[in-house]
Amino acid sequence: MASIKQLDDRRFKITVSNGYRPDGKKICKAKTIRVPESIPKRGARQYVAHEAEELERQFKSGYAEDGNMTFEEFAEHWLTRQVRYAPSTLESYRRMLERVYPFIGAIQLNRLRPIALENMLVELRKRKYRGKPIGEATVQKYLTVVSAVLSDAKRNEIIQKNPARMIDLPLTRRTTQYIPSPVEIQKLLDALAKEPRHYRMFYLLSMCTGCRRGELCALKWEDFKFSRGGLLLTISRSRSVVPGKGVVEGSTKNGHNREIVLSSDLRGFFMSYRRRKQLEARQANRELSPYLFTDAHGQLIHPDTFTKRLRKIYESIGFSKEYHLHTLRHYYVTSLLHSGVDKQTVAELVGHADTGFLERTYCHPQQEQKEQAAGAMRAMIRPEGEALFNLAAACPAKSRSA
């Protein structure tokens with residue numbers, strides 16, 4: 001039972017014990033509360049009894065979330081409660097939190113102020129990666145994870161405000177996404193025709209579905225269902241590289257399944273690929289692996305293998321060093337948008353929760369579209385072009401410089 005001591009009219013001290021230490025002393029937790037003015041005096045005892053019961057329940061369950069917990073304590077419990085993130089995403093959050101613990105980890109949640117987070121950002125901006133200072137976008141990713149933890153504390157009414165939301169941040173430089181031109185894509189397809197079947201299949205699916213690397217590595221034969229005129233592909237899992245744990249299989253990045261309809265051409269390529277894998281299994285006198293992308297021994301291929309192989313292919317055909325495996329996903333998304341497919345449909349196909357990230361990341365015109373825009377403008381002003389140039393020539397030099 002909890003013991004309650006009245007300190008004044010509205011302040012009470014609650015003490016809860018939970019067993020004994022090896023030296024025979026009681027293990028206790030005490031908390032001083034103040035009864036709100038909105039509670040009448042006759043209801044004060046009932047209010048305090050309820051608080052005492054809640055404190056006792058939390059203490060004896062071994063975990064009591066309140067504002068006196070340090071940021072590190074709460075963040076570690078927050079990590080264990082997350083179920084909607086892919087293993088690799090969760091591990092990256094863990095690593096980022098471990099980076100910020102030296103700056104804010106020991107601060108109690110209810111004492112964490114924006115200035116402490118601003119000082120944390122100042123120190124993080126001093127970090128270097130491969131000899132160069134890390135970018136502002138990377139620094140702000142650390143704050144985003146901290147903010148997610150504090151938002152959870154606010155949602156659970158442990159703190160009243162999220163101090164991470166009160167910081168004025170500098171603008172970050174927008175990363176340019178490089179998209180292959182149709183000529184380059186044809187050049188890539190010609191190069192892929194000379195590659196082993198599993199590489200061809202992997203990169204072709206990446207180009208025609210926009211799937212992430214981990215999602216492709218986790219594909220199974222059962223994920224493909226034949227439909228009228230093509231194939232219906234269900235994306236439901238991902239295989240990712242987690243530091244210290246190797247390759248781990250889990251849910252997709254946002255935790256949701258999605259379906260993609262593949263063309264009849266891809267259906268034929270898929271059928272041919274499956275027959276070849278079945279033949280390999282029979283010749284090796286083993287069962288066909290449930291996964292698509294396996295080596296000659298039926299073992300799963302490491303995700304990094306596909307990344308490294310594509311970089312060699314890019315280099316052999318003279319592609320830009322900015323191109324990588326994710327470039328094929330960019331190509332898929334941008335091609336759909338430029339073909340007139342609505343943003344919501346594209347977002348669903350590639351696994352984005354809404355169109356916001358899509359618009360910020362992918363909705364940029366390629367060089368070809370920019371040249372088309374210039375041509376359209378040139379055609380619009382052509383009838384008046386001569387008059388325009390005559391007008392410019394007639395302007396005095398001072399007027400033109402002004």
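See the structure shown above.
I will try to describe carefully the structure that is included in this document. Owing to the predicted nature of the structure, the values given are computational and were not obtained by experimental measurement.

So, about the sheet that holds strand E1 (residues 3-6). Hydrogen bonds between backbone atoms are what pair the strands of a sheet, whose relative direction is either parallel or antiparallel. With antiparallel pairing, three strands are arranged side by side in an open sheet as E1-E2-E3. The sheet terminates laterally at E1 and strand E3 (26-34), the two strands that pair on one side only. Averaged over neighbouring strand pairs, the angle between their axes works out to 20° when direction is ignored. With eight bridges joining them, strand E2 (residues 11-20) and E3 adopt antiparallel strand pairing. When the sheet's bridge partners are listed, arginine 11 is paired in E3 with arginine 34.

A few words on the packing of helix H7 (residues 197-209) against helix H11 (residues 326-338). The geometry of H7 relative to H11 is characterised by a closest axis approach of 6 Å and an angle of 35° between their N-to-C directions. Mapping the contact onto sequence places Tyr203, Ser206, Met207, Cys208 and Thr209 in H7 and Leu328, Arg329, Tyr331 and Tyr332 in H11.

Under the definition given, this model contains 15 aromatic pairs. With 6.0 Å between their ring centres and 70° between their planes, tyrosine 314 and tyrosine 323 make a pair best called edge-to-face. Relative accessible area serves as the criterion here: at 6%, tyrosine 323 is assigned to the buried category. Grouped by ring-pair contacts, the aromatic residues Tyr199, Phe202, Tyr203, Trp221, Phe224, Phe270, Tyr273, Phe293 and Phe306 constitute a single cluster. One Lys or Arg, arginine 239, reaches over the ring of tyrosine 291 and ends 6.0 Å from the middle of that ring.

Each value, and the rule that gives it
Residues numbered from 1 in each chain as written. Predicted model: local features only at pLDDT ≥ 70, side-chain atom pairs only at ≥ 80, totals over all residues. Heavy atoms only, no water. Pairing = 2+ DSSP bridges. Helix = DSSP H or I, 4+ residues; strand = E, 2+ residues; numbered from the N terminus. Axes fitted to C-alpha atoms, helices over the stretch in contact; angles between N-to-C directions. Contact = heavy atoms within 4.5 Å. Phe/Tyr/Trp six-rings, centres within 6.5 Å; stacked < 30°, edge-to-face > 60°. Buried < 20%, exposed > 50% of the residue type's maximum accessible area, 1.4 Å probe, protein only. Lys NZ or Arg CZ within 6 Å of the ring centre and 35° of its normal.

Just geometry here; none of it tells us what the structure is for.
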